[in-house]
Amino acid sequence: MKKIEAIIRKSRFEDVKKALLEAGIEWFSYYDVRGNGKARQGRIYRGIVYDTSSIERTLVSLVVRDKNVEKSVQAILNSAQTGEIGDGRIFIMPVDDAIRIRTGERGDIALYNAEQEH
């Protein structure tokens, strides 16, 4: 199992969400985050442009079975990429275990319903 975290442009979130659902990834979390990076966003308030040092992004977090890692990454890449600085990053980390609280199932079976597996 792997945990995938992607920091993406807020404006690309709906595209990423749709791409993940089309790839069969139905469970993920997302958060509004702020950070620093090379890209700077200017804010206009009453006709004056203010340079801000923090950048607003969305963090998408999902845990998938090993066989779903590449299709998840490709779904994020293809839908989040604009080709401009500030598109974000994807991080992939190992997950030692997962436990479904309702049933106590452990391992990658806790990530999906076996009875729905084809």
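Above this text is the structure in question.
If you're wondering where the values come from, they're calculated on a predicted model, not measured in any experiment. (Residues numbered from 1 in each chain as written. Predicted model: local features only at pLDDT ≥ 70, side-chain atom pairs only at ≥ 80, totals over all residues. Heavy atoms only, no water.)

*Asks:* How should I be thinking about the pairing of strand E1 (residues 2-9) in this particular structure?
*Replies:* As a general feature of sheets, a regular strand has side chains that alternate between the two faces. Pairing between E1 and strand E5 (residues 55-64): eight bridges, direction antiparallel. Its bridge partner being in E5, Glu-5 is matched across the sheet by Ser-61. (Pairing = 2+ DSSP bridges. Helix = DSSP H or I, 4+ residues; strand = E, 2+ residues; numbered from the N terminus.)

*Asks:* In this structure, what is going on with the packing of aromatic side chains? I would like to understand it.
*Replies:* Centre-to-centre distance and the angle between the planes together describe a pair of aromatic rings. Counted under the stated rule, the structure contains one aromatic pair. Here Phe-13 and Tyr-30 contribute two aromatic rings whose centre-to-centre distance is 4.4 Å and whose plane-to-plane angle is 40°, an arrangement assigned as tilted. Linking Phe-13 in helix H1 (residues 13-22) with Tyr-30 in strand E2 (residues 29-35), this pair joins segments that are 17 residues apart in sequence. Given a relative accessible area of 8%, Phe-13 falls into the buried group. In this structure, Arg-65 packs its charged tip against the face of Tyr-112, placed 3.7 Å from the ring centre. (Phe/Tyr/Trp six-rings, centres within 6.5 Å; stacked < 30°, edge-to-face > 60°. Buried < 20%, exposed > 50% of the residue type's maximum accessible area, 1.4 Å probe, protein only. Lys NZ or Arg CZ within 6 Å of the ring centre and 35° of its normal.)

*Asks:* Teacher, can you tell me more about H1 here?
*Replies:* Every buried residue of H1 is accounted for by Phe-13, Val-16, Ala-19 and Leu-20. What you see down the axis of H1 is that its buried residues fit within an arc of 125°, all on one side. The exposed residues of H1 that point more than 90 degrees off its buried face are Glu-14, Lys-18 and Glu-22. Where H1 is buried, its residues touch E1, E2, E5 and helix H2 (69-80). Looking one or two places after H1, you find Gly-24, whose phi comes out positive at around 90°. (Arc of directions from axis to C-beta. Contact = heavy atoms within 4.5 Å.)

*Asks:* Honestly, the side chain of Ser-79 in this entry has me stumped. Any pointers?
*Replies:* Inspection of the secondary structure assignment puts Ser-79 in helix H2. A polar contact of 2.6 Å, which involves the side chain of Ser-79, links it to the backbone oxygen of Ala-75. The residues touching Ser-79, leaving out its near neighbours within four places in the chain, are Arg-12, Asp-15, Val-16 and Ala-19. (Polar contact = N/O pair within 3.5 Å; in protein donor to acceptor, adjacent residues only side chain to side chain.)

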